[in-house]
Amino acid sequence: MSWKAENQMESLPDAAVLATRLKNTLIQYHSIEDDKWRVAKKMKDVTIWRKPSEEFNGYLFKAQGVIDDGVNNIIDHIRPGPCRLDWDSLMTSLDILEHFEENCCVMRYTTAGQLWNIISPREFVDFSYTVGYKEGLLSCGISLDWNEKRPEFVRGYNHPCGWFCVPLRDNPNRSLLTGYIQTDLRGMIPQSAVDTAMASTLINFYGDLQKALQKA
């Protein structure tokens, strides 16, 4: 069964089953060969690639850069919680709707308008899971089709996405952060606008995160 069909559910998911499947999907993305990716945007410390998504009619983006901090602190800033709202300039609200375990929850969050509001504010309801991966951590998520909708937001949909964070071999106080994002923003937006916004958003994500960690 496809991810999409499986997540059209009224009730909460079987957290353990969904978490395991989500983790395995992200590990598959992490093993896609380099020659399958095309560079979408490159800055000094961060590179963004993309390839056609197998989940929807858009792209799977890959982001990678080095962050000057340890794995635990970085993932604590990325995963759902009060830290995230403090620094993520795109996110305007975040609520935990359901806690399964310490590392597993359902969250609802909203994002600001982008590209001079060509992309209006969006709302997402995601299942989120954080788990150990090699010497580091993986924080991953997928949207759920949640019934309760707010009319002032377009409901977006995150296909399997996540962040791998591992310490650098020669310096454990610095970490390699690699993200896989495939967001269906929905609504009437030209695909080119979505692609431009996604690459810029991911570059900004690294800059905002690094600034927040330096302050912390």
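Preceding this section is the structure that the text describes.
None of the values given here were measured: they were computed from a predicted structure. (Residues numbered from 1 in each chain as written. Predicted model: local features only at pLDDT ≥ 70, side-chain atom pairs only at ≥ 80, totals over all residues. Heavy atoms only, no water.)

**Student:** Hey, could you run me through the layout of surface pockets in this one?
**Tutor:** If you roll a probe as big as a water molecule over the atoms, it shows you where there is empty space left. Volume-wise, the largest pocket comes out at about 670 Å³. In terms of lining residues, the largest pocket is bounded by 34 residues, among which R84, D88, L90, Y109 and F205 are the most central. Element by element, the count of residues in the lining of the largest pocket is highest for helix α5 (residues 191-215), at 8 residues. Split by residue class, the lining of the largest pocket holds 17 nonpolar, 12 polar and 5 charged. (1 Å grid on protein atoms, 1.4 Å probe; cavity = no way out; pocket = protein on both sides within 12 Å on 5 of 7 lines; lining within 4 Å. Points joined across faces, edges and corners; volume = space filled by probe spheres on them. Helix = DSSP H or I, 4+ residues; strand = E, 2+ residues; numbered from the N terminus. Nonpolar A, V, L, I, M, F, W, Y, C, P; charged D, E, K, R; others polar.)

**Student:** How should I be thinking about the environment of L202 in this particular structure?
**Tutor:** You can see L202 is positioned in helix α5. Accessibility expressed as a relative area gives 4% for L202, which makes it buried. Once residues lying within four places of it in the same chain are set aside, the contact partners of L202 are I48, F61, A63, W163 and I181. (Buried < 20%, exposed > 50% of the residue type's maximum accessible area, 1.4 Å probe, protein only. Contact = heavy atoms within 4.5 Å.)

**Student:** Is there a simple way to explain the pattern of salt bridges in this structure?
**Tutor:** Side chains bearing opposite charge may pair, as long as their charged atoms lie close to each other. Applying the stated criterion to the full structure yields 9 salt bridges. K44 is the partner of D45 in a salt bridge, and the nearest nitrogen-oxygen pair spans 3.6 Å. A salt bridge links R50 to D195, with the shortest nitrogen-to-oxygen separation between them at 3.8 Å. Of this pair, R50 sits in strand β2 (residues 46-52) while D195 sits in helix α5; the two residues are 145 residues apart in sequence, bridging distant segments of the chain. (Salt bridge = Lys/Arg side-chain N within 4 Å of Asp/Glu carboxyl O.)

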